[in-house]
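Structure at a glance
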Amino acid sequence: MSLKRILGLSTALITGVAGLAMAEDLKFWTTEEQAERLAKQEEMAAKFEALTGHTVEVIPVTETDLGTRATAAFAAGDLPDVIYHTLQYALPWAEAGILDTDAASDVIENLGEGTFASGALAMAATADGFASVPVDGWTQMVVYRKDLFDAAGLAAPDSFANVVAAIEALHNPPEMFGFVAATKVDENFMSQVLEHVFLANGVSPVDDKGFAALDEAATTEVLEFYKAIAKASPPGELYWKQSRELYFAGKAAMIIWSPFILDELAGLRDSAPPTINDDPTSSELASKTGIVTNFSGPSNPDGAAWGDIRYFGITNDAATDAAMEFVEFSMSDGYAATLSIAPEGKFPVRKGTEADPAAFSKAWAKLPVGVDRKAPLGDLYAQDMIDEIVGGLDVAQRWGVSEGQLSLASKMINSQAINRIVRQFVDDKIDASAAVAAMNKELSAIE
C-alpha cells in the first residue's frame with residue numbers, strides 16, 4: 001500500500017476516533033448518459049449516500065468529449081473524483097498524472113485481484129499496479145448455428161480450421177451461406193472484425209517501440225482465412241446489417257458480432273426481429289445458437305478474444321478514501337446494479353467474491369435484457385454459453401495495449417488501410433505477398 005494511502009487511512013482513523021468524520025461530496029463522470037441509464041446511476045448514488053453519508057453527483061459526459069473534458073479539468077485542477085472511462089484512456093491518463101494509480105491498485109487489492117478477469121486487469125496494468133479498476137466489458141463473438149453444427153458432427157468454430165471445416169460442410173447458397181464476413185471497407189465493423197481475426201493468429205502491427213512489420217507467414221494465414229470466409233459470404237458490400245439479417249433469417253451458419261445481438265436473437269427487440277419463423281417474438285433462434293469468444297489461428301493456438309473494457313478511474317484530485325469507497329461499493333454490494341444499466345453489453349469483469357467466486361456471474365445472468373420485452377440471459381441461453389460469454393474477458397486483448405501503443409494502433413485501424421488491402425486480396429486483385437508488403441508500407445507511415 002502506498003505511503004499516501006497509509007497517511008490517508010491514518011487521518012481517517014484519527015478523524016473517526018475524534019467523532020469528526022466528514023461526509024464527502026463526490027463528483028462522478030459517466031459516459032452512460034441515456035435517461036434510463038442515468039436514472040439507474042442516480043439510484044445507486046442514493047443507496048451509497050444512505051450507506052456512507054457521502055453524496056455523489058452523477059455528471060453525464062458524451063464519450064467523444066471525454067478526452068478533451070478530462071484534459072481541461074486536469075489543467076484547471078478541477079477533475080471529478082471518479083470517471084467511468086474507456087480502455088483507451090487508462091494508461092495515457094495514468095502516465096499524464098490524471099489518475100491515482102495507487103488508489104485503483106488498493107481497490108483491486110481490497111476486493112481481491114483474483115476475483116477480476118485477468119484480461120481486463122492486464123489491459124490496465126502499470127509497472128507497479130493498475131491505472132484504473134475494471135468495471136465491465138464485452139468480447140466480440142463468433143455466433144453460430146449450434147443445431148446445424150451438432151447435426152453435422154462439427155466442432156465449435158473456435159479456430160480457423162474449424163470455421164473452414166464448417167463452411168465446407170454447411171455452405172449451400174442461397175439457402176445457407178457458410179459465413180457473412182465484413183467486406184465494406186469504410187465501415188468500422190470491418191476494422192473490428194479484422195483486428196479480431198489478426199489477434200486470433202497472434203499478429204499485431206505494433207510492438208513496444210511503435211510500428212512492427214507484419215510477419216509474412218502468419219499474416220498470410222490470416223489473409224487466406226479471411227478470403228475463405230468472404231468467399232462463403234453473399235456478394236456485395238457487407239457489414240453488421242447484412243450479417244445480422246441473414247443470420248436472423250436462418251440463411252447464415254456463422255457470423256462475427258458483438259453481444260448486443262443476444263437480446264435481439266431471442267425476439268426481445270421489435271426493431272430487429274428474428275425472421276427464421278413467422279413469430280418475431282420467438283426465442284427459437286436463440287435456442288439454436290452457440291457462441292465462441294476465444295478464437296485461434298494456426299500460429300497462435302492459445303487464441304484471443306477482442307475485448308472492449310470500461311473502467312472506474314479515481315483521479316488525483318479526488319477525495320481519495322470516499323472515492324475508493326464509492327468504487328468498492330459499485331463493484332460489490334452495488335455491482336449487480338452497475339451491470340443492470342445494460343446487461344447485454346456489460347459482462348461482469350468481477351465474477352464473484354473470494355467467498356463466492358461465481359456470485360456476480362450468477363447475478364448478471366438473472367438481469368433482464370431486451371427492449372420491447374425483457375428476459376434474463378440465463379433463461380434464454382444454456383449455462384455453458386453464459387460461461388463462455390463471461391470467460392472471454394479472461395483472454396480479452398486489443399492491439400497495442402500491452403505494448404503501450406494503443407493510440408498508434410488505433411490510428412492504424414482508423415486509417416482503414418488494412419480493410420482496403422485485405423479487400424483487394426479477397427477480390428483476387430493482389431496476392432498475399434503483395435498484400436503484406438502493402439500493409440507494411442502504409443502502416444509504417446502512420447505516426
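Residues numbered from 1 in each chain as written. Predicted model: local features only at pLDDT ≥ 70, side-chain atom pairs only at ≥ 80, totals over all residues. Heavy atoms only, no water.

With that out of the way, let us pick up the overall build of the chain. Each helix and strand in the chain was counted, giving 21 helices and 17 strands. For 447 residues, the compact-globule formula gives about 22 Å, and the C-alpha radius of gyration of the chain, at 23 Å, lands near that figure. When its C-alpha atoms are laid out on the principal axes, the chain stretches across 75 × 50 × 35 Å. Considering the chain as a whole, with its 447 residues, one finds that 54% of them fall into the buried category. Put simply, the chain shows about 18,100 Å² of open surface, and 52% of that area lies on carbon and sulfur atoms. Across the chain, the centroid of the 32 positively charged side chains sits 6 Å from that of the 65 negatively charged ones. (Helix = DSSP H or I, 4+ residues; strand = E, 2+ residues; numbered from the N terminus. Rg over C-alpha atoms; globule rule 2.2 N^0.38 Å. Buried < 20%, exposed > 50% of the residue type's maximum accessible area, 1.4 Å probe, protein only. Areas by Shrake-Rupley, 256 points an atom, 1.4 Å probe, with all protein chains shown as cover. Lys, Arg positive; Asp, Glu negative; His and termini not counted. Charge placed at Lys NZ, Arg CZ, Asp CG, Glu CD.)

Applying the stated rule across the entire model yields 18 aromatic pairs. Taking the centre distance of 4.1 Å and the plane angle of 5 degrees together, the rings of Phe 160 and Phe 225 count as stacked. Pair noted here: Phe 160 is in helix 8 (residues 160-170) and Phe 225 is in helix 10 (residues 216-231), with a separation of 65 residues, a long-range link. We note that Phe 160, like Phe 225, is buried. Between Tyr 335 and Phe 360, the ring centres sit 5.1 Å apart and the planes meet at 90 degrees, which makes this aromatic pair edge-to-face. (Phe/Tyr/Trp six-rings, centres within 6.5 Å; stacked < 30°, edge-to-face > 60°.)

A contiguous patch of negative charge on the surface is contributed by Glu 24, Asp 25, Glu 42, Glu 49 and Glu 57. Using a relative accessible area of 41% as the deciding quantity, one classes Glu 42 as partly exposed. (Patch = residues over 30% accessible without salt bridge, like charges linked within 9 Å, V, L, I, M, F, W, Y side chains within 5 Å. Salt bridge = Lys/Arg side-chain N within 4 Å of Asp/Glu carboxyl O.)

Our next topic: the sheet that holds strand 11 (residues 289-292). Spatial ordering of the open sheet is given by 10-7-11, a layout of three strands whose pairing is antiparallel. Lying at the two open borders of the sheet, with one neighbouring strand each, are strand 10 (254-257) and strand 11. Adjacent strand axes in the sheet meet at a mean angle of 25 degrees, parallel and antiparallel pairs treated alike. Here helix 9 (residues 188-200) sits on the sheet and contacts strand 7 (141-145) and strand 10; the angle it forms with strand 10, its principal contact strand, is near 105 degrees. (Pairing = 2+ DSSP bridges. Axes fitted to C-alpha atoms, helices over the stretch in contact; angles between N-to-C directions. Contact = heavy atoms within 4.5 Å.)

The next subject is the packing of helix 9 against helix 10. The geometry of a pair of packed helices is captured by two quantities: the angle between their axes and the separation between those axes. Here helix 9 crosses helix 10 at 130 degrees, and the two axes come no closer than 10 Å. With respect to each other, helix 9 and helix 10 are oriented oblique. Considering the relative orientation of helix 9 and helix 10, their crossing is right-handed. When helix 9 is examined against helix 10, the residues Met 190, Val 193, Leu 194, Val 197 and Phe 198 are found in contact with a partner set consisting of Thr 219, Val 222, Phe 225 and Tyr 226. The class makeup of the residues in the contact of helix 9 with helix 10 is eight nonpolar, one polar and no charged. (Parallel < 35°, antiparallel > 145°, perpendicular 65-115°, else oblique. Left-handed = near helix turned anticlockwise from the far one by under 90°. Nonpolar A, V, L, I, M, F, W, Y, C, P; charged D, E, K, R; others polar.)

Confidence along the chain averages 94 in pLDDT terms, with 95% of residues attaining 70 or more. Across residues 6-20, where pLDDT falls below 50, the model places seven contacts with residues more than four positions away in sequence or in other chains. (pLDDT = per-residue confidence, 0-100.)

Attention now goes to unusual backbone geometry. For residues other than glycine, phi is negative in most cases, and the peptide bonds are mostly trans. Across the junction of Pro 173 and Pro 174, the peptide omega takes the value 0 degrees, indicating a cis bond. Summarising the element assignment, Pro 174 is placed in the loop between helix 8 and helix 9. Not every positive phi belongs to a glycine, and Gln 416 is a case in point at roughly 65 degrees. Relative to the helices and strands, Gln 416 resides in the loop between helix 19 (406-414) and helix 20 (417-426). Backbone geometry places Asp 428, a non-glycine residue, at a positive phi of 65 degrees. Tracing the chain through its elements places Asp 428 in the loop between helix 20 and helix 21 (432-444).

In this section: the pattern of salt bridges. A complete count under the given rule lists 25 salt bridges for this structure. The structure contains a network of salt bridges with shared partners spanning Glu 63, Glu 195, Asp 308, Arg 310 and Arg 398.

Attention now moves to the pairing of strand 2 (residues 55-60). Two strands pair when backbone bridges link them, and strand 1 (residues 25-30) and strand 2 are joined in this way by six bridges, in the parallel orientation. The residue bridging Leu 26 from the neighbouring strand is Val 56, located in strand 2. Running through helix 2 (residues 35-52), the crossover from strand 1 to the neighbouring parallel element strand 2 is right-handed. (Right-handed = clockwise from strand over helix to strand, strands pointing away.)

With respect to the helices and strands, Ala 124 occurs in the loop between helix 6 (118-122) and strand 4 (125-126). Along the sequence, Ala 124 and Ile 309 sit 185 residues apart, while their C-alpha atoms lie 9.6 Å from each other.

When you tally the buried positions in strand 7, you get five out of five residues, the bulk of the element. Note: strand 7 against strand 10, four bridges, orientation antiparallel. Its bridge partner lying in strand 10, Met 141 is registered against Trp 257. Relative to strand 11, strand 7 runs antiparallel, the two being bridged by four bridges. From the neighbouring strand, Val 142 faces strand 11, where its bridge partner is Val 292.

Right, let's talk about the packing of helix 10 against helix 21 for a bit. Direction vectors running N to C along helix 10 and helix 21 enclose 110 degrees, while the axes themselves pass 10 Å from each other. Classified by the angle their axes make, helix 10 and helix 21 are roughly perpendicular. The element helix 10 and its partner helix 21 pack so that their crossing is right-handed. Mapping the contact onto sequence places Glu 216, Thr 219, Thr 220 and Leu 223 in helix 10 and Ala 432, Ser 433, Ala 435, Val 436 and Met 439 in helix 21. In terms of residue class, the contact of helix 10 with helix 21 is made up of five nonpolar, three polar and one charged.

What follows deals with the side chain of Asn 440. Along the chain, Asn 440 falls in helix 21. Using a relative accessible area of 15% as the deciding quantity, one classes Asn 440 as buried. Excluding its chain neighbours within four sequence positions, the residues that come into contact with Asn 440 are Phe 211, Ala 213 and Leu 214.

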